[in-house]
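# Chains, contacts and geometry: an overview
Here is how the chains run, residue by residue.
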Amino acid sequence: KAQTVSLLQKLQSYVSDTQPDSGFMIENDDKLFLDGLGANSSEIVTHYQIVHQVWKTGNREAARRSFVLTDSKIYLLDEIYFGDGTNGAVEKSRRINLGDVSLAIIDEAKLSKVTEVRAANEDPRMITLVILPANKLKRGHRWRLVCNDGESAERLIDDVRNACQR
């Protein structure tokens, strides 16, 4: 699989250099996407999904996030898409074009640190990922995520479980 993705990335790079107007793009392994993640170029993105993060305590509003699963890590990103109407003041800036995307890593964890992935009982769209601390000085934590529908939640759970078992 890694060789196939590597070959496709080289093909995408070649086509974009020789025929810039072709529109050929491999979404999950787009070089700009990986560079935006700050991901090691040897990582393979196996799942990408827009979710909402919710918290068990506190009166916080759900935050739109991007969930990215690679062959070695999981990422929770703050993704700001300029042009969807959610960033009114920022979108008026002349330096930002409609359709631009800004990514910022909120949290990341190695797959070996993910101890549990489960669906929430109350809503089939909700899932919880339990993550061990990176070192003994930190606490473990949970990502509580809400997907668009139950089917996408099941797909996310299955993909994370399968990646953790490899």
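Throughout what follows, the structure given in this document is the object of discussion. (Residues numbered from 1 in each chain as written. Predicted model: local features only at pLDDT ≥ 70, side-chain atom pairs only at ≥ 80, totals over all residues. Heavy atoms only, no water.)

## Overview of the nonpolar core
As a reminder of what qualifies: The set of buried Ala, Val, Leu, Ile, Met, Phe, Trp, Tyr and Cys residues whose side-chain atoms join them within 4.5 Å is what this entry labels a nonpolar core. Only protein chains enter the area calculation, which uses a 1.4 Å probe; residues under 20% of their type maximum are buried, those over 50% are exposed, and those in between are partly exposed. Put simply, DSSP H or I for four residues or longer makes a helix, DSSP E for two residues or longer makes a strand, and each gets a number counted from the N terminus. When checking whether two residues touch, look at their non-hydrogen atoms; a contact exists if any pair is within 4.5 Å.
With 20 residues, the main nonpolar core has Phe 67, Ile 74, Leu 129, Trp 143, Leu 145 and Val 160 as its most contacted residues. Here this core gets 5 residues from one element, more than from any other, and that element is helix 4 (residues 150-165). Residues contacting Val 160, with those up to four places away along its chain left out, are Phe 67, Leu 69, Val 114, Val 117 and Leu 129.

## Overview of the pattern of salt bridges
We count it as follows: The working definition used for a salt bridge is a side-chain nitrogen of Lys or Arg within 4 Å of a carboxyl oxygen of Asp or Glu.
If you walk through the whole model with that rule in mind, you get 5 salt bridges. One salt bridge in this structure joins Lys 73 and Glu 108, with 2.7 Å as the shortest N-O distance. Of the two residues, Lys 73 is situated in strand 3 (residues 73-81) and Glu 108 in strand 4 (residues 101-110); the sequence distance between them amounts to 35 residues. Among the residues examined, Lys 73 registers a relative accessible area of 23% and is labelled partly exposed.

## Let's talk about the pairing of strand 6 (residues 126-131)
What counts is decided by this rule: Note on pairing: two strands pair once DSSP finds at least 2 bridges between them.
In terms of burial, strand 6 is largely enclosed, as 6 of its 6 residues are buried. Neither face of strand 6 is left uncovered, since the one carrying Met 126, Thr 128 and Val 130 and the one carrying Ile 127, Leu 129 and Ile 131 both have all their residues buried. What sits between strand 5 (residues 114-119) and strand 6 in their antiparallel hairpin is a turn of 6 residues. Where strand 6 meets strand 7 (residues 141-146), 6 bridges bridge the pair, whose relative direction is antiparallel. Bridge assignment links Thr 128 to a residue of strand 7, and that residue is Arg 144.

## Thoughts on helix 4
So the rule is basically this: A helix is expected to span 1.5 Å for every residue after the first. In this description, the arc belongs to the directions extending from the helix axis to the C-beta atoms. Side-chain atoms alone can form a polar contact between residues adjacent in sequence; in general such a contact is a pair of N or O atoms within 3.5 Å, and within protein one must be able to donate a hydrogen while the other accepts it.
Its 16 residues place the ends of helix 4 23 Å apart at the C-alpha level, agreeing with the 22 Å of an ideal helix rising 1.5 Å per residue. Regarding helix 4, the residues found buried are Ser 152, Ala 153, Leu 156, Ile 157, Val 160 and Ala 163. End-on view of helix 4: buried residues confined to an arc of 140°, all on one side of the axis. The exposed set on the far side of helix 4, more than 90 degrees from its buried face, consists of Glu 151, Glu 154 and Gln 165. On the buried face of helix 4, the contacting elements are strand 1 (45-54), strand 2 (63-70), strand 5 and strand 6. N-capping of helix 4 is provided by Asp 149, with a side-chain oxygen placed 3.3 Å from the backbone N of Glu 151.

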